[in-house]
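Notes for the structure review
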Amino acid sequence: VITGVSGSGKSSLAFDTILAEANRRFFYTLSHYSRQFLDLGARPALRSASGLSPAIAIAQNETQASVRASVASLSDIGELLGVLFARFAEKRCPTHDLPTEARSIDEIVNFTKSQYYGRTIAVTVTIADQKKGQFKKTLEGFVKKGYSKAFIDGKLSDIDPVPNLPKDEKHDISLIIDTLKAEATKEPRLRRSIETALTLGEGLACIHTIDSKGQLESRSGQHLSLQAGCPLCHFAWPRLDTRHFSPNSLGRCEECDGRSIIIDEEADSKTEENFEPDPCRNCGGTGLDPKLKSITFRGRSIQKFYQSTIKDLFEFASESLDSSLGDSAAVKLVLETLLNHARRMMDIGLDYLHLGRRIRTLSNGEAQRLRLSAILNEHL
C-alpha cells in the first residue's frame, strides 16, 4: 500500500520503480533468446527491493472505452449469457408468443405458397451469416454439385469462378437453390427445391423475395426449419449462437445500431459537450433486438438481464443452481461460472452496476475495479 498527498510520487513509485523492477526480474529468468523480443527498459533507480513477485498492473491512463463497451461485454458476462440463451433458452414466436414447434415438409410448402403467392422468390441456404473469411472451398464444393449463383452481401453473384472475397471482412452468403414464381402450377418444383435446401442446410433453409432486377428485396428473409416454427405465422429462429444475443453483433437493435442511445448528429453539434442523448425506446436502452424478448431462460429475457444489476444476476444464478436438479451438467457449468463472475464483482463493491451500463458512463474508480474483476476471474 502506498499513500501520500497528490503529486508526492505515488504512481511513479508504483509503476516506474516497483512494477518495473518486478517485471525486469521476471524477464531475466527467461532465456537470452526470449529476452531479445521484450522491451526490458532501463534498470529502475533503487538500491534494493526484496520479496518481489511477478506483477500485474492496471494502468490509470487507459484509452477511452468504445461507445459500445458495456459492463456485460467488458466482464465476459455478456458472452456467458449468450451461451445460456443460445443453447438452453425457450424460443417462442415474437408475434404470437407460441412455442416454435417442429413442422413437416407439407406444412412448410403450404406456408410458402400462401405467404408468397404470385411473387418471385429464391429458395436459399445460408452459408455465412456475418462471418469473416473467403469461403473458397465451401463455394467450390457447391459449384461441383451444379450450383452457380449466390447472394453475397445482398447482391446476386456468380460463384463459378468463385469470387475473391476480402478475408478480413464479415460476409452474408446465401446459396441459391432455385428461383421461381410461387404459384400452384409450380408446386412440385417448389417442393423439390425446399426439400433440397433443407437437406443441404441440415434442416434449415430461407426464402427471399426478388425484385424485377433479380436482386434481394430484403437481406433478412423468411427462415424455414424442420425443427422449429410458429404454428400460425411459421416464424422460425435461425441457428442461434452467442452473436445473436450481443448488441455489438447479430443481436443489435436496428433503431440505435446496438448503441442503446439515439444519436442526433445535428443536435449534438449544436449543444454542449456534456449533452446526453436519449436512450433508444425501441430496445429500452439495452441495444438488443426487441424480438429477443421472445427467447427466455427461466422466464427471463436477455433484455431483463441487461437491465438488472450484478447483485440481481448473483441471486438469479444462485437460485437457479439450487433448483437445477433436472438440468444438464452444461447448464449448471454456465450458471456456476456466472455466479463466480458476479461474486467477484460484488466482492470489490460493484454489486449495484447494471449489466447494460456503458463503460463511458462509469467513474474512473468503477472502471478500474471492473478491469480488476476480469483479472481476478482468471485466478492469476
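Residues numbered from 1 in each chain as written. Predicted model: local features only at pLDDT ≥ 70, side-chain atom pairs only at ≥ 80, totals over all residues. Heavy atoms only, no water.

**Let's talk about helix 1 (residues 10-27)**
Selection criterion: Each helix is a run of H or I in the DSSP string that is no shorter than four residues. Each strand is a run of E no shorter than two, and both are numbered from the N terminus. In this scheme, a helix's expected span is set at 1.5 Å multiplied by one less than its residue total. Bend at a given residue is defined as the angle between two axes, one fitted to the seven residues that end at that position and one fitted to the seven that begin there. Exposure is judged per residue with a 1.4 Å probe applied to protein chains only, and the accessible area is read against the type maximum: over 50% gives exposed, under 20% gives buried, and values in between give partly exposed. We call two residues contacting when some pair of their heavy atoms lies within 4.5 Å.
Compared with an ideal rise of 1.5 Å per residue, which puts 18 residues at 26 Å, helix 1 spans 24 Å between its outermost C-alpha atoms and is within 8% of the ideal. Remark: the principal bend of helix 1, roughly 30°, maps to A20. Within the sequence span of helix 1, burial applies to T17, L19, E21, A22, R24 and F27. Tucked into the core, helix 1 has its buried residues touching helix 2 (32-35).

**Overview of the state of the cysteines**
Applied cut-off: When two cysteine sulfur atoms are found within 2.5 Å, that pair is recorded as a disulfide.
As enumerated under the stated definition, the model contains zero disulfides in all. With no disulfide of its own, C253 lies 3.8 Å from the sulfur of C256, the closest cysteine sulfur. Relative accessible area serves as the criterion here: at 1%, C253 is assigned to the buried category.

**As for the packing of helix 10 (residues 310-322) against helix 11 (residues 329-347)**
Operational definition: Think of each axis as a best-fit line through the C-alpha atoms, taken over the contacting stretch in the case of a helix, with angles from 0 to 180 degrees between the N-to-C directions. Note on convention: near helix rotated counterclockwise from far helix by under a right angle means a left-handed crossing. Clockwise means right-handed. Residue polarity is assigned by list, with Asp, Glu, Lys and Arg as charged and Ala, Val, Leu, Ile, Met, Phe, Trp, Tyr, Cys and Pro as nonpolar; anything else, Gly included, falls into the polar class.
Contact geometry of helix 10 with helix 11 gives a least axis separation of 9 Å together with a crossing angle of 145°. By crossing handedness, the relation of helix 10 to helix 11 is classed as left-handed. Along the contact surface, helix 10 presents I310, K311, L313, F314, A317, S318, S320 and L321, while helix 11 presents K332, L335, E336, L338, L339, A342, R343, M345 and M346. Looking at the contact of helix 10 with helix 11, its residues break down into eleven nonpolar, two polar and four charged.

**Regarding helix 12 (residues 364-376)**
Convention followed: Directions pointing from the helix axis toward each C-beta atom define the arc.
Over its 13 residues, helix 12 extends 18 Å from the first C-alpha to the last, a length consistent with the 18 Å expected when each residue adds 1.5 Å. Listing the buried residues of helix 12 in full gives E366, A367, L370 and S373. Taken around the axis of helix 12, the buried residues stretch over an arc of 115°, which confines them to a single face. For helix 12, the elements touching its buried residues are helix 3 (71-74) and helix 11.

**What to know about the sheet that holds strand 9 (residues 300-301)**
Sheet strands pair by backbone hydrogen bonding; their relative direction is either parallel or antiparallel. This is how it is decided: Note on pairing: two strands pair once DSSP finds at least 2 bridges between them.
Pairing within the open sheet is antiparallel, and its three strands lie in the order 1-8-9. Each edge of the open sheet carries a strand with a single partner, namely strand 1 (90-91) and strand 9. In this sheet, strand 9 lies alongside strand 8 (residues 295-297) in antiparallel orientation, the contact comprising two bridges. Residue pairing across strands places F297 opposite R300, the latter belonging to strand 9.

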